[in-house]
Amino acid sequence: MMKLVNDPCGIFCILFTYTSIIYADYVVIQWVVLHTMQDSLWAPFHIVLFNTFLLLLTVSHLRAMFSDPGTVPLSHTNVSLSDLRQVKREDWTMCTRCEAYRPPRAHHCRICKRCIRRMDHHCPWINNCVGEKNQKYFVQFLFFVCIISAYTIMLVIMSWVRECRQCKMYDMDTRQTQVLHSVILIMESALFGMFVIAILYDQMDAIYNDQTTIEQTVYKRPNPLHRYLFSVICRWPKISRSTSKLNIRSV
């Protein structure tokens, strides 16, 4: 079990994520389902199903956040690089930042201040690195975000299209409040959905080609526009020319 990384940006992103989740659950239950389907059996069905997806999303997010991404253990003895080669670890390299001997495809995270096996990137939305051991949880989290975003948009559209007899009994302020919450929720779901779908596609592409985001940058694979935009949002590491040569040797 990993400790919470002391990163202000990551902590803010986590608080923002769970605030958005709680708000979405509140609006869906209070202003979408119970407001327009209170006399229908679809109301408990949608509430149970929506909260089941939220539970799965939360579990996968917590596991991605607190799981060890594949941290390379620190060296407890002063072993030189020549001694390391004598024990048939010629492909290992030494990190000059954390002074740890790391296996191939490991990279140093400047935020976690440790080397991570098959590090893909450091994601502030889970306040942790995405690496060898927790990438599956990160992909699960992205998958459930996509499902909930689409499900939320569907429920809001159904509440607008479906005729609601009880809605005529509400006053104008209540109707305006419902419309306002619905518009905010559908904007939130659309933005999160589009953002996460692109990241999920990039993760599946990296898994299929067996190359992490860092390795794709090192080998100068085609860099699409969405990856450039998400490099700013998700703070994917930018590798300079000098460090690229060093990383190519260690891969």
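About the cut-offs
Residues numbered from 1 in each chain as written. Predicted model: local features only at pLDDT ≥ 70, side-chain atom pairs only at ≥ 80, totals over all residues. Heavy atoms only, no water. Helix = DSSP H or I, 4+ residues; strand = E, 2+ residues; numbered from the N terminus. Buried < 20%, exposed > 50% of the residue type's maximum accessible area, 1.4 Å probe, protein only. Contact = heavy atoms within 4.5 Å. Areas by Shrake-Rupley, 256 points an atom, 1.4 Å probe, with all protein chains shown as cover. Pairing = 2+ DSSP bridges. UniProt positions renumbered as here; feature names shortened; annotations may be inferred. Patch = residues over 30% accessible without salt bridge, like charges linked within 9 Å, V, L, I, M, F, W, Y side chains within 5 Å. Salt bridge = Lys/Arg side-chain N within 4 Å of Asp/Glu carboxyl O. Expected span 1.5 Å × (residues − 1). Phe/Tyr/Trp six-rings, centres within 6.5 Å; stacked < 30°, edge-to-face > 60°. Axes fitted to C-alpha atoms, helices over the stretch in contact; angles between N-to-C directions. Parallel < 35°, antiparallel > 145°, perpendicular 65-115°, else oblique. Left-handed = near helix turned anticlockwise from the far one by under 90°. Nonpolar A, V, L, I, M, F, W, Y, C, P; charged D, E, K, R; others polar.

Here we look at the overall build of the protein
Then, number 1: Secondary structure summary: the protein contains eight helices and six strands in total.
Then, number 2: Start at the N end of the protein and walk to the C end: the helices and strands fall as α-α-α-β-β-β-β-β-β-α-α-α-α-α.
Then, number 3: Looking at the protein as a whole, 46% of its 251 residues are labelled buried.
Then, number 4: Within the protein, counting contacts between residues at least 6 apart in sequence, those at least 24 apart form 69% of the total.
Then, number 5: Accessible surface, the protein: about 14500 Å² in total, of which carbon and sulfur atoms supply 63%.

Side note on the pairing of strand β4 (residues 114-117)
Then, number 1: Relative to β4, strand β3 (residues 106-109) runs antiparallel, the two sharing four bridges. In the strand pairing of β4, Ala106 is matched with Arg117.
Then, number 2: In this structure, the hairpin formed by β3 and β4 is closed by a connection of four residues, where Lys113 is found at a positive phi of approximately 60 degrees.

Details of the UniProt feature "transmembrane region" (unreviewed entry) in the protein
Then, number 1: UniProt's entry tags residues 12-34, 40-59, 141-161 and 181-201 with the feature "transmembrane region" (unreviewed entry), counted in the numbering of this structure.
Then, number 2: Within residues 181-201, the helical portion is 100% and the strand portion 0%, while the C-alpha atoms at the span's ends are 30 Å from each other.

Here's the deal with the environment of Val196
Then, number 1: If you trace the backbone, Val196 turns up in helix α5 (residues 172-209).
Then, number 2: For Val196, a relative accessible area of 5% puts it in the buried group.
Then, number 3: When the C-alpha positions of Val196 and Leu142 are compared, they lie 6.0 Å apart, and in sequence the two are 54 residues distant.
Then, number 4: Residues within four places of Val196 in sequence aside, it is in contact with Leu142, Val145 and Cys146.

A word on a nonpolar patch on the surface
Then, number 1: A cluster of nonpolar side chains, namely Ile157, Trp160, Val161, Val179, Val183 and Met187, defines an oily patch on the protein surface of about 570 Å² accessible area.
Then, number 2: Every element with two or more residues in the nonpolar patch is listed here: α4 (135-161) and α5.
Then, number 3: With respect to the helices, strands and loops of the structure, Val179 is situated in helix α5.
Then, number 4: You can call Val179 partly exposed: its relative accessible area is 43%.

Examining helix α2 (residues 42-66)
Then, number 1: If you check α2, its first and last C-alpha atoms are 36 Å apart, about what 25 residues at 1.5 Å a residue would give, namely 36 Å.
Then, number 2: What α2 keeps buried is the set Ala43, His46, Phe50, Phe53, Leu54, Leu57, Ser60, His61, Ala64 and Met65.

Notes on the pattern of salt bridges
Then, number 1: As enumerated under the stated definition, the model contains three salt bridges in all.
Then, number 2: Across the salt bridge formed by Glu215 and Arg105, the nearest N and O atoms sit 2.7 Å from each other. One end of the pair, Glu215, is in helix α6 (residues 213-218); the other, Arg105, is in the loop between β2 (101-102) and β3, and 110 residues separate them in sequence.
Then, number 3: Judged by its relative accessible area of 22%, Arg105 is partly exposed.

Looking at the packing of aromatic side chains
Then, number 1: If you walk through the whole model with that rule in mind, you get nine aromatic pairs.
Then, number 2: Each ring, one from Phe16 and one from Trp125, has its centre 6.3 Å from the other, and the planes form 55 degrees; the classification is tilted. With Phe16 in helix α1 (residues 8-36) and Trp125 in the loop between β5 (121-123) and β6 (128-130), this residue pair connects regions lying 109 residues apart in the sequence.
Then, number 3: Since its relative accessible area comes to 39%, Phe16 is described here as partly exposed.
Then, number 4: You can call Trp125 buried: its relative accessible area is 16%.
Then, number 5: Between Trp42 and Phe45 the ring centres are 5.4 Å apart and the planes differ by 80 degrees, which places this aromatic pair in the edge-to-face class. Here Trp42 and its partner Phe45 are both found in helix α2, three residues apart, which amounts to about one turn of the helix.

Some thoughts on the packing of α4 against α5
When two helices pack together, their arrangement is captured by the angle between the axes and the distance separating the axes.
Then, number 1: Where α4 meets α5, the axes come as close as 8 Å, and the angle between the chain directions of the two elements is 150 degrees. Comparing the axis directions of α4 and α5 gives the class roughly antiparallel. The hand of the α4/α5 crossing is left-handed.
Then, number 2: When grouped by side-chain class, the residues that make up the contact of α4 with α5 number 21 nonpolar, seven polar and no charged.

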